[in-house]
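# Topology and contacts: notes
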Amino acid sequence: YIRNIRVIMPGGICDDNPFVWHRDATTCRGRYSALEQAAETLVFHPEFLAGLSQNRVIRFTQAANIAESEVSEWPERPQLSDRVWNDELRGMPEELYPALATILHADPWLSMPYKASDNYIRSFALLAKQTLNKNQTVYVEYSADGWDRGR
């Protein structure tokens, strides 16, 4: 069986600037790094980062799929090692929210799933504390659109 497949977009970055995508080395006037080479450290595509770079606060409600989330315990959360991120019932891995906010120098607005246990919320708070910069403000909301739970 085929295992450990990764899909990596073509192109790369120049001079370690994660916000500017280059089609190839010919458009870079500095040190070019192909996305394939930088895949371990560069989780987000440069065009995705560039599109979000003007935001001061990033709300992760849709990325977390909070409206549909059935996650209640911390071990149930999506994992970085999952074969698919952001499936129909779970969002992106929680580790990505503070990572993205830190790269963007933005404040994260984090939504907790409506079934989240106290342990889940404590674990998420610890993750945020350990990974965010001290100058970042964290906004936390319990669920989102909680009145729409009965669809």
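Right, let's walk through the structure included here. This is a predicted model, so every value here is computed, not measured. (Residues numbered from 1 in each chain as written. Predicted model: local features only at pLDDT ≥ 70, side-chain atom pairs only at ≥ 80, totals over all residues. Heavy atoms only, no water.)

### A word on helix α4 (residues 118-131)
Look at α4: 20 Å from first C-alpha to last across 14 residues, which is about the 20 Å you get at 1.5 Å a residue. Residues of α4 that are buried: Y120, S123, F124, L127 and A128. Mapping the buried residues of α4 onto a view down its axis gives an arc of 135°, with all of them on the same face. Along α4, the residues that are exposed and aim more than 90 degrees away from the buried face are D118, R122, K129 and Q130. Residues of α4 that are buried in the fold lie against α3 (96-104) and β4 (107-112). (Helix = DSSP H or I, 4+ residues; strand = E, 2+ residues; numbered from the N terminus. Expected span 1.5 Å × (residues − 1). Buried < 20%, exposed > 50% of the residue type's maximum accessible area, 1.4 Å probe, protein only. Arc of directions from axis to C-beta. Contact = heavy atoms within 4.5 Å.)

### A few points about the pairing of strand β5 (residues 139-142)
Sheet topology places β4 next to β5; 4 bridges connect them, and they run parallel. In the strand pairing of β5, S111 is matched with E141. Once you follow β4 into α4 and on to β5, the crossover reads as right-handed. (Pairing = 2+ DSSP bridges. Right-handed = clockwise from strand over helix to strand, strands pointing away.)

### Quick word on unusual backbone geometry
For D16, which is not glycine, the phi dihedral falls at a positive 60°. Tracing the chain through its elements places D16 in the loop between β1 (12-14) and β2 (32-34).

### What to know about the sheet that holds β5
The 3 strands lie next to each other as β3-β4-β5, forming an open sheet whose pairing is parallel. Every interior strand has two partners, whereas the edge strands, β3 (57-59) and β5, have only one. Averaged over all adjacent pairs, the angle separating strand axes in this sheet is 20°, with direction ignored. Of the strand pairs in this sheet, β3 and β4 are connected by 3 bridges, and their pairing is parallel. Across the sheet, the residue bridging to V57 is D107, located in β4. (Axes fitted to C-alpha atoms, helices over the stretch in contact; angles between N-to-C directions.)

### Description of the packing of aromatic side chains
In this structure the tally under the stated criterion is 6 aromatic pairs. Arranged with centres 6.1 Å apart and planes meeting at 70°, the rings of Y120 and F124 form a pair that is edge-to-face. Residue Y120 and its partner F124 are both found in helix α4; the two are separated by 4 residues, about one turn of the helix. The buried category is assigned to Y120, whose relative accessible area is 1%. (Phe/Tyr/Trp six-rings, centres within 6.5 Å; stacked < 30°, edge-to-face > 60°.)

### Section: the side chain of S111
Counting through the fold element by element, S111 comes out in strand β4. With relative accessibility at 4%, the residue S111 sits in the buried group. A polar contact of 2.8 Å, which involves the side chain of S111, links it to the side chain of T61. The residues touching S111, leaving out its near neighbours within four places in the chain, are T61, I66, E141 and S143. (Polar contact = N/O pair within 3.5 Å; in protein donor to acceptor, adjacent residues only side chain to side chain.)

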